[in-house]
2 protein chains.
Amino acid sequence: MDKLFVIKIGGNVIDHPGALDAFLKDFAAIEAPRILVHGGGKIATRLGDQLGIESKYVQGRRITDDAAIDLVTMVYGGLVNKKIVAALQAKGCNAIGLTGADGNCIPADKRPVGAIDYGWVGDVHPSRVHTPVLRALLDAGLVPVLAPLTHDGAGHILNTNADTIASAVAVALAASHAVRLIYCFEKRGVLEDLDREDSVISLIDRVGYARLLADGKLADGIIPKIDNAFAAIDAGVKEVLIGDARDLRVNVTDRVSGTLIVP
Amino acid sequence: MDKLFVIKIGGNVIDHPGALDAFLKDFAAIEAPRILVHGGGKIATRLGDQLGIESKYVQGRRITDDAAIDLVTMVYGGLVNKKIVAALQAKGCNAIGLTGADGNCIPADKRPVGAIDYGWVGDVHPSRVHTPVLRALLDAGLVPVLAPLTHDGAGHILNTNADTIASAVAVALAASHAVRLIYCFEKRGVLEDLDREDSVISLIDRVGYARLLADGKLADGIIPKIDNAFAAIDAGVKEVLIGDARDLRVNVTDRVSGTLIVP
């Protein structure tokens, strides 16, 4: 099976032009097939403030109303996505920017209205990711760059979590590719000692994870990330890596600096 | 040679949701391979006003400064493009939204600074349109939807006239396809009598055009459009049609309601 990297970067990188440029340089230099999934960053909130579009939250969860979905469609699907694509092109990487509506690559279900109406938010499932179009793009030598937007198939763009898109795409393509799913976050990897940045655990498998949990060594915040990683692995992804965006160059090799999670 | 329609719609359609929806329904129903090129509409100006981004003009020509290129990248490449794509998907048309940066399909030259500095404006040339990527998308059954944006290959998005993009793409693909380039504008076609909407001239060839010019029958505004049409035909496009967006359904057949311009 061909190797494929599915790499997610978040707002912390997008909001810093220097960090983003360094990351995109490393991303462009990867020789294997790859897909980039990007988050939104704070530009949407800032622009929304200028436009008088209030960021609404209910119980800590963001609500995407009509004005908010137009805002994120502009910012994530337009400004952020196209700036990344143009920058990658300048670095010799043949990027193609997409939302889940483009080529119908990621149809989603509008989140059902329960106690909370989240508005125009889409839930995705790996089984519904339209892999033929992604494979056709990869086969044509293109590098898909996915914005955190999907669609409902009824004409509406939906706001969707970038981590979830990355995981769904990785799982969906695991049938045809040996996928390494890479989450870039603000630490170098999973730390054995939160106070020591150099205490990165290089490899975690099921047995090791059980031991780490039993020892109570892991920070609370990292546990759901690792659980999600194992969920992706259970669904066929070969390996999941959690690391720093600055370490991308080594994290696409066999000698990783982040934490590799394997079965 | 396979038939291909390259269809351009302007702001007058984009600014009216009902007209746009009717147009997209007809566009989705076309069975032949096709490419849509859309203009910007007034949303960018309106949003720019809200954000305090002034629309600058010098000698009647729009200037695209840093704030303006971010604005049109958001609005044309994000909001307008993705709304069209999502609407087409809902109508069963497998649209994929692109700027000229995506897949490097339309590299452009930043307009040289002369008496006027137009800012981030791109001039395109058919010979530089990257047809392999457009053909790969068409071969995969996808329908490219092009925003009026290109890039300079050095990391910058450029503002580019939608008519020019449509013409450049039509000419570039004329080597592999029998292209009908369709410009949707505000009249049903080229009129023999400006006061009579039913005086559409169905067919204009070189000989007929010379006669119309000699008779002084054509309105001044239409002459550059017809000249551009013949320029596309001289460069290999099979036929150019000038007509109303509402007549798209018949204008993709042999019994057109607009004006067909042929060699």
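**Q** How would you explain the overall build of chain A if you had to name every residue and give the values?
**A** From N to C terminus, chain A includes 9 helices and 14 strands. Taken over C-alpha atoms, the radius of gyration comes to 18 Å for chain A, in line with the 18 Å a tight globule of 263 residues would show. With respect to the three principal axes, the spread of C-alpha positions in chain A is 45 × 45 × 35 Å. Taking all 263 residues of chain A together, 57% fall into the buried category. A separation threshold of at least 6 residues defines the contact pool for chain A, and within that pool the share at least 24 residues apart is 69%. Accessible area of chain A: about 10,900 Å², with a carbon and sulfur share of 50%. Looking at chain A, you have 28 positive and 32 negative side-chain charges, and the mean spots of the two groups are 3 Å apart.

**Q** Can you break down the packing of helix α4 (residues 66–90) of chain A against helix α4 (residues 66–90) of chain B residue by residue, with the values?
**A** α4 of chain B packs onto α4 of chain A with a crossing angle of 115° between their chain directions and a minimal axis gap of 7 Å. Two packed elements cross with a definite hand, and for α4 of chain A against α4 of chain B that hand is right-handed. Of the residues in α4 of chain B, those in contact with D70, T73, M74, V75, G77, G78, L79, K82 and K83 of chain A of α4 of chain A are D70, T73, M74, V75, G77, G78, L79, K82 and K83 of chain B. Looking at the contact of α4 of chain A with α4 of chain B residue by residue, the class counts come to 6 nonpolar, 6 polar and 6 charged.

**Q** Outline the interface of chain B and chain A, listing residues and values.
**A** At the junction of the two partners, chain B supplies 38 residues and chain A supplies 38 residues. With both sides pooled, the region where chain B packs onto chain A buries about 2,700 Å², and carbon together with sulfur makes up 69% of that total. Between chain B and chain A we count 4 salt bridges in total. Inspection of the region where chain B meets chain A yields 10 residue pairs in polar contact (both at pLDDT 80 or more). Looking at the side of chain B that touches chain A, the elements that each hand over two or more residues are α3 (43–51), α4, β5 (95–98) and α5 (131–139) of chain B.

**Q** How would you sum up the environment of F5 of chain A? Please name residues and give values.
**A** Residue and element names in this part refer to chain A. Following the sequence through the fold, F5 ends up in strand β1 (residues 2–9). Separated by 145 residues in sequence, F5 and T150 place their C-alpha atoms 21 Å apart. Each residue touching F5, except ones within four places of it in the same chain, is listed here: I30, A32, P33, R34, I35, R180, I182 and V252.

**Q** Residues and numbers for the confidence of the model for chain A, please.
**A** Per-residue confidence for chain A gives a mean pLDDT of 95, with 100% of residues at or over 70. Across the predicted assembly, pTM comes out at 0.96 and ipTM at 0.95.

**Q** So what's going on with the packing of aromatic side chains? Which residues, and what values?
**A** Summed over all chains, the structure comprises 4 aromatic pairs over all chains. Centroid distance F23 of chain A to F27 of chain A: 6.2 Å. Interplanar angle 25°. Geometry classified as stacked. Of this pair, F23 of chain A and F27 of chain A both sit in helix α2 (residues 17–29), 4 residues apart, which is roughly one turn of the helix. The exposure class assigned to F23 of chain A is buried, which follows from its relative accessible area of 1%. Residue F27 of chain A is classed as buried on the basis of its relative accessible area, which comes to 0%. On the numbers, 5.2 Å between centres and 25° between planes, the contact of Y209 of chain A with F230 of chain A is stacked. With Y209 of chain A in helix α7 (residues 206–215) and F230 of chain A in helix α8 (residues 222–234), this residue pair connects regions lying 21 residues apart in the sequence. One exposure class covers both Y209 of chain A and F230 of chain A, and it is buried. Here K110 of chain A stacks its cationic end above the ring of W120 of chain A, 5.1 Å away from the centre of that ring. A cation over a ring is seen here: R34 of chain B above F27 of chain B, with NZ or CZ 5.3 Å from the ring centre.

**Q** Hey, could you go over the relation of the copies chain B and chain A for me, with residue numbers and the actual values?
**A** For the match of chain B to chain A, the screw axis carries a shift of 0.0 Å, the RMSD comes to 0.0 Å, and the turn is 180°. The superposition of one copy onto the other is thereby described by a two-fold rotation axis. For chain B, the residue whose C-alpha comes nearest the rotation axis is G78 of chain B, separated from it by 1.8 Å.

**Q** Describe in detail unusual backbone geometry, supporting the description with residues and values.
**A** All names here are of chain A. Non-glycine residue N104 carries a positive phi angle of around 55°. On the secondary structure map, N104 appears in the loop between β5 (95–98) and β6 (109–110). Taking the relative accessible area as the measure of exposure, N104 reaches 23% and is therefore partly exposed.

**Q** Go over α8 of chain A, please, and point to the residues and values.
**A** All names here are of chain A. Taking 1.5 Å per residue, 13 residues should reach 18 Å; α8 reaches 18 Å between its end C-alpha atoms and fits that length. Where α8 is buried, its residues meet α6 (162–173), β11 (177–185), β12 (203–204), α7, β13 (239–244) and β14 (259–261). Positive phi shows up at G236, right after α8, with a value of about 115°.

**Q** Give me the lowdown on the sheet that holds β14 of chain A, citing residues and values where you can.
**A** All names here are of chain A. Spatially, 8 strands are ordered β5-β8-β2-β1-β11-β13-β14-β12 in an open sheet, and the strand pairing comes out mixed. This sheet does not close on itself; its edge strands, each paired only once, are β5 and β12. Note: β5 against strand β8 (residues 143–146), 4 bridges, orientation parallel. Within the sheet, the bridge partner assigned to I96 lies in β8 and is P144. Contacts from α4 reach β2 (34–38), β5 and β8 within the one sheet, and its direction differs from that of β5 by about 175°.

**Q** Provide a residue-level description of the side chain of D102 of chain B, including the pertinent values.
**A** Turning to its location among the elements, D102 of chain B is positioned in the loop between β5 and β6 (109–110). Within the local environment of D102 of chain B, its side chain forms a polar contact with the side chain of K82 of chain A, the two groups lying 3.0 Å apart. Discounting residues that sit within four places of it in the chain, D102 of chain B has contacts with K82, V85, Q89, A95, I96 and G97 of chain A.

Conventions we followed
- Residues numbered from 1 in each chain as written.
- Chains lettered and ligands numbered in written order.
- Predicted model: local features only at pLDDT ≥ 70, side-chain atom pairs only at ≥ 80, totals over all residues.
- Heavy atoms only, no water.
- Helix = DSSP H or I, 4+ residues; strand = E, 2+ residues; numbered from the N terminus.
- Rg over C-alpha atoms; globule rule 2.2 N^0.38 Å.
- Buried < 20%, exposed > 50% of the residue type's maximum accessible area, 1.4 Å probe, protein only.
- Contact = heavy atoms within 4.5 Å.
- Areas by Shrake-Rupley, 256 points an atom, 1.4 Å probe, with all protein chains shown as cover.
- Lys, Arg positive; Asp, Glu negative; His and termini not counted.
- Charge placed at Lys NZ, Arg CZ, Asp CG, Glu CD.
- Axes fitted to C-alpha atoms, helices over the stretch in contact; angles between N-to-C directions.
- Left-handed = near helix turned anticlockwise from the far one by under 90°.
- Nonpolar A, V, L, I, M, F, W, Y, C, P; charged D, E, K, R; others polar.
- Buried area = accessible area lost by both parts, 1.4 Å probe.
- Salt bridge = Lys/Arg side-chain N within 4 Å of Asp/Glu carboxyl O.
- Polar contact = N/O pair within 3.5 Å; in protein donor to acceptor, adjacent residues only side chain to side chain.
- pLDDT = per-residue confidence, 0-100.
- Phe/Tyr/Trp six-rings, centres within 6.5 Å; stacked < 30°, edge-to-face > 60°.
- Lys NZ or Arg CZ within 6 Å of the ring centre and 35° of its normal.
- Least-squares fit on C-alpha atoms with pLDDT ≥ 70 in both.
- Expected span 1.5 Å × (residues − 1).
- Pairing = 2+ DSSP bridges.

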